[in-house]
Amino acid sequence: MRFIELDEYSKIYPGEYLLHKPSSAIVMVGAYVKKENVIRAFKHGKLFEDKAENFNKIYLDKAEHKEFKRQTCKKCKGTIR
């Protein structure tokens, strides 16, 4: 897992997960206001707003992404209905 600094060419989408550097928390993007250079995000169920410089993108390579998908919930797998 790598963290990539945001710049003026970075694409940020609602629903994407970013790292909020000051709080060291993974947050979900609600909105990106490019004119004001502000990101609105959800942290622990609450909406907050901070400058885009305080966020990093999260990058997973193919092997890490495959491992993440493999480790998802398997409670319903194999149940007979």
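Note that the coordinates shown come from a computational prediction; the quantities given were computed from them, not determined experimentally.

> Even after reading the chapter, I still don't get the environment of leucine 47, so can you show me in this structure?
Following the sequence through the fold, leucine 47 ends up in strand 5 (residues 46-51). C-alpha separation for the pair leucine 47 and valine 29, spaced 18 residues apart in sequence, amounts to 9.4 Å. Excluding anything up to four places from it in sequence, leucine 47 contacts Arg40, Ala41 and Phe42.

> Help me understand the side chain of histidine 20 in this model?
Relative to the assigned elements, histidine 20 resides in strand 2 (residues 17-20). With a relative accessible area of 5%, histidine 20 lands in the buried category. Among all residues touching histidine 20, those that are not within four sequence positions of it are Ala25, Val27, Phe48, Asp50, Asn54 and Phe55.

> Mind showing me how you'd approach the sheet that holds strand 5 here?
Consider a sheet: its strands pair through backbone hydrogen bonds, and that pairing is either parallel or antiparallel. Strand order in the open sheet formed by six strands is 1-6-2-3-4-5, and the pairing between neighbours is antiparallel. What marks the edges here is a single partner per strand, and that holds for strand 1 (2-5) and strand 5. On average, adjacent strands in this sheet sit at an angle of 45 degrees to one another, irrespective of strand direction. The sheet contact formed by strand 2 and strand 3 (residues 25-33) spans four bridges and is antiparallel. Bridging across to strand 3, histidine 20 finds its partner in alanine 25.

> Hey, could you run me through the pairing of strand 2 in this one?
Working note: regular strand, side chains alternate between the two faces of the sheet. Linking two consecutive strands that pair antiparallel, namely strand 2 and strand 3, is a turn of four residues; a positive phi of about 55 degrees is found at serine 24 within it. Bridging between strand 2 and strand 6 (residues 55-59) involves three bridges; their strand directions are antiparallel. Within strand 6, the position partnered with leucine 18 by the bridge is lysine 57.

The rules behind the values
- Residues numbered from 1 in each chain as written.
- Predicted model: local features only at pLDDT ≥ 70, side-chain atom pairs only at ≥ 80, totals over all residues.
- Heavy atoms only, no water.
- Helix = DSSP H or I, 4+ residues; strand = E, 2+ residues; numbered from the N terminus.
- Contact = heavy atoms within 4.5 Å.
- Buried < 20%, exposed > 50% of the residue type's maximum accessible area, 1.4 Å probe, protein only.
- Pairing = 2+ DSSP bridges.
- Axes fitted to C-alpha atoms, helices over the stretch in contact; angles between N-to-C directions.

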